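Overview (structure and organization)
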Amino acid sequence: MDELPAGIRRLTFPLPLGIKHVHCYLLPGDEGWTLVDTGLGLPDAAGRWEPVLRELGAPIARIVVTHFHPDHAGGGEDAQALTGARVLQGEHDYGQCLRVWGSENWSERLADYLRAHGLPEPVAAELRHESRTFAPFIRFVRDPKPLREGDEVDGWRVLELPGHADGHICLLRDGVLVAGDHLLGVITPTVGLYPESRPDPLADYQASLRRTIELAPAVALPGHGDPVSDPAARARELLEHHRLRLDETAAAVAAEPRSAYDVSLVLFGTNLDANNRRFALAETLAHLERLAHEGRAARSGDSGNLSYTAP
């Protein structure tokens, strides 16, 4: 457990896939600690949490979930059971959580959706298997207290900053932004288009980054990596990254119809496993849809076979 300014403490838990760790944050308050995010629902939760709880000297009064992704919400049931704390989650985010993790056929819906955008069936089959394997480690809390833009949690202001996730929330107080995955210092947060999600997630993310610049927090505490010492500057870097990626995506769209999967091969290359190909395709779709809204690409086909062309 790391000590940060203003009495904030940071917990770091390992992850078995992709990014090697996730941070959770403990925010001090008069009634006890506010825990932000819970990590993945891996075995032996008591072994991870009980040493932390012994060190705190005060109870965890509440748990806030920034967004529904497995490494942030998946350990919610464990954390709640061990602390007895009430869980709070963004109202929109919890709705997406139910549609995804609360559904028995999410992996099939996702695979069918990506197949319609050109993903080869062997890769889709791997994703179906992967999702079923991952499901036991996602134990989110049912019926949390809903949070909305402008709410306060023990003096922290709730901000809705969608993009990385449709209902992503952050907490802001005294220049400190507890950022989840909205803002990361080294890697670029993924922004993907998925079934039953908001129609233009990249536009959402661009607007959230511009809002971050306007708010100009002094520091951001991200879900992965080191604190971001100049969040507004990092938000500008991410806006520029997506501007360039939009130009690259527009250049990859041909006069003849091309699937989002084919475009993703141009943007991300061919040497990706099934999990990373899923992210690459979803991110390509988010950029293609932004281009379509800007009139720089055109979508055609039906729900079973979609493609994009230059306008």
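Here, the structure is the one placed above.
Residues numbered from 1 in each chain as written. Predicted model: local features only at pLDDT ≥ 70, side-chain atom pairs only at ≥ 80, totals over all residues. Heavy atoms only, no water.

So, about the nonpolar core. Core analysis: the largest hydrophobic core is formed by 48 residues, its most contacted members being Leu114, Leu119, Leu177, Leu183, Leu209, Leu281 and Leu285. The greatest single-element share of this core, amounting to six residues, is contributed by helix H10 (residues 274-294). Once residues within four sequence positions are removed from consideration, Leu177 is found in contact with Leu159, Cys170, Leu171, Leu172, Pro217, Val219, Ala220 and Leu221. Among the nonpolar cores identified, the runner-up in size contains 22 residues, and Leu15, Trp33, Ile60 and Ala73 belong to it. (Core = buried A, V, L, I, M, F, W, Y, C linked by side-chain atoms within 4.5 Å. Buried < 20%, exposed > 50% of the residue type's maximum accessible area, 1.4 Å probe, protein only. Helix = DSSP H or I, 4+ residues; strand = E, 2+ residues; numbered from the N terminus. Contact = heavy atoms within 4.5 Å.)

Here we take up the pairing of strand S13 (residues 298-302). Across five bridges, the pairing between S13 and strand S14 (residues 305-309) is antiparallel. Opposite Ala298, over in S14, you have Thr309 as the bridge partner. Linkage of S13 to S14, two consecutive antiparallel strands, is achieved through a turn of two residues. (Pairing = 2+ DSSP bridges.)

The next point concerns the packing of aromatic side chains. Under the defined criterion, the tally for this structure stands at three aromatic pairs. The ring centre of Phe268 lies 4.8 Å from the NZ or CZ of Arg245, which sits over that ring. (Phe/Tyr/Trp six-rings, centres within 6.5 Å; stacked < 30°, edge-to-face > 60°. Lys NZ or Arg CZ within 6 Å of the ring centre and 35° of its normal.)

Turning our eyes to something else, we now look at the side chain of Glu289. You can see Glu289 is positioned in helix H10. One polar contact links Glu289 to Arg299, side chain to side chain, over a distance of 2.7 Å. Beyond its immediate chain neighbours, meaning those up to four positions away, Glu289 contacts Leu193, Pro199, Arg299 and Tyr308. (Polar contact = N/O pair within 3.5 Å; in protein donor to acceptor, adjacent residues only side chain to side chain.)

A few words on helix H1 (residues 45-56). In this model, H1 (12 residues) spans 17 Å end to end at C-alpha, consistent with the 16 Å of a helix rising 1.5 Å per residue. Looking at H1, one finds that the buried residues are Ala45, Trp49, Val52 and Leu56. The arc that holds the buried residues of H1, viewed along the axis, is 70 degrees, so those residues lie on one side. In H1, the exposed residues that point more than 90 degrees away from the buried face are Arg54 and Glu55. Residues of H1 that are buried make contact with strand S2 (9-14), strand S3 (21-27), strand S4 (33-36), strand S5 (60-65) and helix H3 (76-83). Among the residues trailing H1, Gly57 stands out with phi positive, at a value near 80 degrees. (Expected span 1.5 Å × (residues − 1). Arc of directions from axis to C-beta.)

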